[in-house]
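Remarks on the overall topology
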Amino acid sequence: QVQLAESGGGLVQPGGSLRLSCSASGSVFNIHVMGWYRQAPGKQRELVASMFSDSRTNYADSVKGRFAISRDNAKNTVYLQMDSLKPEDTAVYYCNAKLRMTVTDVLRNFWGQGTQVTVSS
């Protein structure tokens, strides 16, 4: 199996910064894309940022210019640097990975347990 372990959430004042980390462990052969989604109370889960194995990135319009995703392929780890945080960034942030567990495997979708990010004064 595969596990995604997240860290780095917490409480921060508006304008502050946080860095999230997510590491994949277990039977990982190849990670196609790894990224972060978030879900605020009463809202649908949305993509925040993702990075493909060829380094292509996607960002939600609401975080462009403030958040930066990076990836350490050797460690199967993805990071999300969040700067200039706003109260509307408050949500549970979930790590996501689409990967193959063996060379002949299909792409499988995995989620982390989620980490709370609260932006408040």
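This text goes with the structure placed above it.
Turning next to the environment of proline 14. Of note, proline 14 is situated in the loop between strand 2 (10–12) and strand 3 (18–26). We classify proline 14 as partly exposed; its relative accessible area is 40%. Spatially, the C-alpha atoms of proline 14 and serine 27 are 39 Å apart, while their sequence positions differ by 13 residues.

Enumeration according to the criterion identifies one aromatic pair in this entry. Across the ring face of tyrosine 79, the terminal group of arginine 19 is positioned such that the distance to the ring centre comes to 4.2 Å. A cation sits over an aromatic face here: arginine 45 above tyrosine 94, 3.7 Å from the ring centre.

Phi at serine 55 takes a positive value of approximately 80°, unusual for a residue other than glycine. One can find serine 55 in the loop between strand 5 (46–52) and strand 6 (57–59).

Right, let's talk about the pattern of salt bridges for a bit. All told, the structure shown has six salt bridges when counted by the stated rule. A salt bridge links arginine 56 to aspartate 54, with the nearest nitrogen and oxygen atoms 2.8 Å apart. When its relative accessible area of 47% is taken as the criterion, aspartate 54 is described as partly exposed. Between aspartate 105 and arginine 108 there is a salt bridge, with the nearest N and O atoms lying 2.8 Å from each other.

A general feature of soluble globular proteins is that nonpolar side chains tend to end up buried together. Counting residues in hydrophobic clusters, the biggest one holds 29 residues, and the most contacted among them are Leu4, Met34, Trp36, Leu80, Met82 and Tyr93. Secondary structure elements with two or more residues in this core: strand 1 (2–7), strand 3, strand 4 (30–39), strand 5, strand 7 (67–72), strand 8 (77–82), strand 9 (91–100) and strand 11 (115–119). Per-element accounting of this core gives the leading share, five residues, to strand 9. Dropping the residues within four chain positions of it, methionine 82 is found in contact with Gly16, Ser17, Leu18, Leu20, Arg66, Phe67, Tyr93 and Val117.

Turning to the sheet that holds strand 1, a few remarks are in order. The four strands lie next to each other as 1-3-8-7, forming an open sheet whose pairing is antiparallel. Each having just a single partner strand, strand 1 and strand 7 make up the two edges of the open sheet. For this sheet, the mean inter-axis angle between neighbouring strands, taken without regard to orientation, is 15°. As paired elements, strand 3 and strand 8 share six bridges and run antiparallel to each other. Looking at strand 8, one finds that leucine 18 is bridged to methionine 82.

Turning our eyes to something else, we now look at the pairing of strand 5. Counting buried positions along strand 5 gives five out of seven residues, so the element sits mostly inside the fold. Examined bridge by bridge, strand 4 and strand 5 share six bridges and lie antiparallel to one another. Its bridge partner being in strand 5, methionine 34 is matched across the sheet by methionine 51. What sits between strand 4 and strand 5 in their antiparallel hairpin is a turn of six residues, with glycine 42 showing a positive phi close to 80°. Across three bridges, the pairing between strand 5 and strand 6 is antiparallel. Its bridge partner lying in strand 6, methionine 51 is registered against threonine 57. Two successive antiparallel strands, strand 5 and strand 6, enclose a turn made up of four residues, where serine 55 displays a positive phi of approximately 80°.

Cut-offs used in this document
- Residues numbered from 1 in each chain as written.
- Predicted model: local features only at pLDDT ≥ 70, side-chain atom pairs only at ≥ 80, totals over all residues.
- Heavy atoms only, no water.
- Helix = DSSP H or I, 4+ residues; strand = E, 2+ residues; numbered from the N terminus.
- Buried < 20%, exposed > 50% of the residue type's maximum accessible area, 1.4 Å probe, protein only.
- Phe/Tyr/Trp six-rings, centres within 6.5 Å; stacked < 30°, edge-to-face > 60°.
- Lys NZ or Arg CZ within 6 Å of the ring centre and 35° of its normal.
- Salt bridge = Lys/Arg side-chain N within 4 Å of Asp/Glu carboxyl O.
- Core = buried A, V, L, I, M, F, W, Y, C linked by side-chain atoms within 4.5 Å.
- Contact = heavy atoms within 4.5 Å.
- Pairing = 2+ DSSP bridges.
- Axes fitted to C-alpha atoms, helices over the stretch in contact; angles between N-to-C directions.

It is worth stressing that arrangement in space is one thing and function is another; only the former is reported here.
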